[in-house]
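Observations on the model geometry
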Amino acid sequence: MRKALLASAVVAVAATATAYAFGPDAEAGQRDKRAGEARTAVKSGPGSGTESVATGETGRQAHAVTSAPDCKVDKARPKRQLRGVWIATVNNLDWPSKSGLSQQRQKAEYTRILDNAAKRRFNAVFVQVRPASDAIYKSPHEPWSRFLTGTPGKDPGWDPLPFLISEAHRRGLEFHAWFNPYRAADDKGGKLPAAHPARRHPDWVVRHEGRLYYNPGLPQVREHVVKVVTDVTTRYDVDGVHFDDYFYPYPGQGTRFADEAAFRKYGKGKSLAAWRRDNVNKLVAEVDAAVHEARPEVKFGISPFGIWRNKAQDASGSRTSGMSAYDQIFADSRHWIKNGTVDYIIPQLYWPRGQANADYSALAPWWAEEVKGSGVHLYIGQALYQVGTTGAWRKPGELPAHLTLGRKHKQISGDVYFSAKSLLADPLGVLGRLGSEHYTRPALLPLIKDRGGEAPPVPADLRVSGGELTWKPSQGARAYAVYRVDGEPGRCATADATNLVAVVSDGNAIAAKTPGTYLVTALDRLHNESEAARIKV
């Protein structure tokens, strides 16, 4: 991930309970209480409004509630919105805070990050599992990362990834495994283990400005990266596969990237720049196909540098004058969007409104226009790390204003923040403002149609006892959405997040101390949502 200067690259507490429930006064209760009035519901059929479909134990009718497509929604309270945070492991930026920590300390640090994300009503984490051709998990293809133990290849004594995933899921956080595709090592990494791919295949490697890069022009390199990604997708319960913005090296000191031999062999008449872009496009397409063949429900996305091209270089470009990802790191994000080789894109718009060479107010609408009609989801990479630093970032209202601007563009379906260290620090108290102005309610994940899924059965056997609402688990449910309305729910009661009290991700119970009608829906792992069962409290 990039603390983005335009022409340079710088790598830069919720309590645990029976169920994690996100929202005001949403407390988890015990799962084994089942006394009290019961009402059940089953799905009646597609397109239904409010229908009588079952009879509870008391003989009173239960209902399933489905919001109609013509319901008016509150843009300030979207029902579906991605809210994510990047958790960087490279150079121990976010987690673990330093190498060589005990397993217990590593776990404690990670769960602290997750608890903060859950408290802020986030619903996704992007965890860097492959910082530089190494692994934060037990890999058959690459060595253990030095960022775990301090020594490249040294076994930490446990496989962190199942824990990282399960703890995220327990808190209702989607888990995206973040890979750096081409970075092999840097000059601070020490001696690489004998089994390291760069040691076994020195012909794959280009040494460039103190770092080792895999040569994107080699088919063997693409094959290796695809194999690494497919391995993780197959063996671990990830929800997404994610690439950052490191493709060909950033300009840096201006040193030529030494890939002439591969260009002579594979260039086939293309210009050097076109060939390099084609190499990246091939890898993206191959990863996209491999991930979805292994597990169709897993999402694949990329967070490119925030400027594709400037309008001065290309009439289709943005009204900016900064570094062009297309021309300088050979990343053609428009190609990925137009060819559908990504499910989502998260451009890193790490500049404030009004910045002369990269105005956020110009870039966000440009990206919204690019994804229009493509089926590719757009989330914005937000520079939480910049808040409180210089210029416009000294204003606590700058970052919240980015989200306000996003409401004007329906193509913008959420935001991801760099990075977890700043999430914990909360510069200028900006996260409180995001909570009060934008994240006043929980949110379901946006639905990517191509990833499929199916709504689970409607929750059954709703009961209330001792101020606690419980229901029977629905087969295939990852979580449950709980809404509360005063009086009888209308057909638009679940159309937006106005009535959304909580998303319960670890259990089937929630406190229900406030009188009203409660609606409970079941969500699969992609957040396909069932119709709602209801009960009056």
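Refer to the structure above for everything that follows.
Residues numbered from 1 in each chain as written. Predicted model: local features only at pLDDT ≥ 70, side-chain atom pairs only at ≥ 80, totals over all residues. Heavy atoms only, no water.

Scanning the entire structure with this criterion turns up 1 disulfide. Through a disulfide, Cys71 is tied to Cys492; the S-S separation comes to 2.1 Å. Its torsion about the S-S bond being -85 degrees, the disulfide of Cys71 and Cys492 is classed as left-handed. With a gap of 421 residues between them, Cys71 in the loop between β3 (61-65) and β4 (82-87) and Cys492 in the loop between β17 (479-485) and β18 (500-504) connect regions that are remote in the sequence. Of the residues examined, Cys71 reaches a relative accessible area of 11% and is grouped as buried. For Cys492, a relative accessible area of 30% translates into the label partly exposed. (Disulfide = S-S within 2.5 Å. Helix = DSSP H or I, 4+ residues; strand = E, 2+ residues; numbered from the N terminus. Buried < 20%, exposed > 50% of the residue type's maximum accessible area, 1.4 Å probe, protein only.)

What follows covers the sheet that holds strand β13 (residues 377-382). On the basis of which strands lie adjacent, the closed barrel formed by 8 strands has the order β4-β5-β6-β10-β11-β12-β13-β14 and parallel pairing. Summarising the sheet, β13 and strand β14 (residues 412-417) pair through 4 bridges and their orientation is parallel. What sits directly across from Gln382, in β14, is Tyr417. Along the sheet face, helix α10 (residues 360-371) touches β12 (344-345), β13 and β14 and points at about 160 degrees away from the line of β13. (Pairing = 2+ DSSP bridges. Contact = heavy atoms within 4.5 Å. Axes fitted to C-alpha atoms, helices over the stretch in contact; angles between N-to-C directions.)

Another point: the sheet that holds strand β8 (residues 205-208). A sheet is described by the order of its strands in space; here 3 strands give the open sequence β7-β9-β8, paired in antiparallel fashion. At either end of the open sheet lies a strand with only one pairing partner, and these are β7 (183-186) and β8. Each strand axis lies, on average, 20 degrees off the axis of its neighbour in the sheet, ignoring direction. Here 3 bridges tie β7 to strand β9 (residues 211-214), and the two strands are oriented antiparallel to one another. Paired with Ala185 across the strands is Leu212, a residue of β9.

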